[in-house]
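# Residue-level structural notes
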Amino acid sequence: YTPAKLAQRRGMAIPNDLVSVLNNAALPGASVDDQSRDLIMDPDSKTLILCHELCSRHHSCPPITRAGGKSSDPPPENIRRLNVLINEETGIFRTSEFSGCEWETDARRASIADILKVHEYSYVDSISLSCSSLPEHPSAIANVDGDTAISRWSFEAAMRAAGSACEAVDKVMSGDFRNAFCAVRPPGHHAGPRGLVVCPNDPTGSHGFCLLNNVAIGAYSIIEDNVTLGDNNI
């Protein structure tokens, strides 16, 4: 299959000016056997929900409590954002509306090869060392920048979050699932190759709560090592 044919078979509309381009691009890793398989999604196929318990150990603020009076407002990116989705008793994804979904609660850890397609090694190593230097306590929080915090297990959580994106891409592209949702933390779409992303409005830079760019890592995971993008061999 080419990307255009696969998209068309799935009922997706493709602008005419893109059809010829996509028809000339074979899917990464496709073989004769792969192309003979029916990769088209059954409309009744399931949604995959990926998560990992380590993602609940990424603490961006001390434990949030309301006992004994009003506490200070938690930061916008905090552990409750994940808890409200996957808590076994009260999580939104545990309701009957999502009963048809399939769960993967042991989302894989991203490989360092996938990580280094997006981030520089020195940056990845610095985040790993910073996290491992912190004591294992939910109130032991350090700040990477003004809005991004880390704790002891934040790096491992980030590796699982990035790995879940790669796993989701693999399972959807192979036709095993119609789509996937990665219920993970830390989030991952702001971090640049060296972490900080600067702009005229923020010259000092920000990670935007993110440590690894899960979205970019997931996208790159489907590109073969010998694909050439511009002047860079991936």
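Quick note: structure is the one above.
Just so it is clear, the model here is predicted, and its values are computed rather than measured.

Take the pattern of salt bridges next. Inspection of every chain in the model, using the stated rule, returns nine salt bridges. The partner of lysine 117 in a salt bridge is aspartate 114, with the nearest N and O atoms 3.6 Å apart. Taking the relative accessible area as the measure of exposure, lysine 117 reaches 21% and is therefore partly exposed. On the basis of relative accessibility, which here comes to 13%, the residue aspartate 114 falls in the buried class. A salt bridge links arginine 194 to glutamate 120; its shortest N-O distance comes to 3.1 Å. In this pair, arginine 194 sits in the loop between strand 5 (179–182) and strand 6 (197–199) while glutamate 120 sits in the loop between helix 5 (112–115) and helix 6 (121–132), placing the two residues 74 residues apart along the sequence. A residue is classified by how much of its surface remains accessible, and arginine 194, at 60% relative accessible area, is exposed.

Going through the model one piece at a time under the given rule, you end up with two aromatic pairs. With a centroid separation of 5.0 Å and an interplanar angle of 70°, the aromatic rings of phenylalanine 93 and phenylalanine 98 are classed as edge-to-face. Assessed through its relative accessible area of 9%, phenylalanine 93 is described here as buried. Judged by centre distance (4.9 Å) and plane angle (80°), the ring pair of phenylalanine 93 and phenylalanine 181 falls under edge-to-face. With phenylalanine 93 in the loop between helix 4 (80–86) and strand 2 (102–104) and phenylalanine 181 in strand 5, this residue pair connects regions lying 88 residues apart in the sequence. Taking the relative accessible area as the measure of exposure, phenylalanine 181 reaches 36% and is therefore partly exposed. Through a chain of ring-to-ring contacts, three or more aromatic side chains come together here, namely Phe93, Phe98 and Phe181. Here arginine 94 stacks its cationic end above the ring of tryptophan 103, 3.9 Å away from the centre of that ring.

Here we come to the sheet that holds strand 2. Taken together, the three strands give an open sheet; going across it, the order is 2-1-5, and neighbouring strands pair in parallel fashion. At either end of the open sheet lies a strand with only one pairing partner, and these are strand 2 and strand 5. Ignoring which end each strand starts from, the neighbouring axes of this sheet average 25° apart. Summarising the sheet, strand 1 (residues 47–50) and strand 2 pair through three bridges and their orientation is parallel. The residue bridging leucine 50 from the neighbouring strand is glutamate 104, located in strand 2. Along the sheet, helix 7 (residues 154–173) contacts strand 1, strand 2 and strand 5; its crossing angle with strand 5, the most-contacted strand, is approximately 170°.

Calculation rules
Residue positions within a chain follow its written sequence, with the count starting from 1. At least 70 in pLDDT is required for a residue's local features to be given in this predicted model, at least 80 for side-chain atom pairs to be given and counted, and no such filter applies to totals for whole chains, interfaces and linings, which use all residues. Neither water nor hydrogens contribute to the side-chain values; these are computed over all heavy atoms in the structure. Salt-bridge detection follows one rule: a side-chain nitrogen of Lys or Arg within 4 Å of a carboxyl oxygen of Asp or Glu. Each residue's exposure class comes from its accessible area (1.4 Å probe, protein chains only) as a fraction of the maximum for that residue type: buried when under 20%, exposed when over 50%, partly exposed otherwise. Counting from the N terminus, the helices are the DSSP runs of H or I reaching at least four residues and the strands are the DSSP runs of E reaching at least two. For this analysis, a ring pair means two rings from Phe, Tyr or Trp (six-membered ring only for Trp) whose centres lie within 6.5 Å, classed as stacked if their planes differ by under 30 degrees, edge-to-face if by over 60, and tilted for the remaining angles. A positively charged side chain is recorded as over a ring if its NZ (Lys) or CZ (Arg) lies within 6 Å of the ring centre. The angle to the ring normal must also be within 35 degrees. Note on pairing: two strands pair once DSSP finds at least 2 bridges between them. Axis lines are fitted to C-alpha atoms, over the contacting stretch for helices. Their N-to-C directions set the angle, which ranges from 0 to 180 degrees. Note on contacts: a residue pair qualifies if any of its non-hydrogen atoms lie within 4.5 Å across the two residues.

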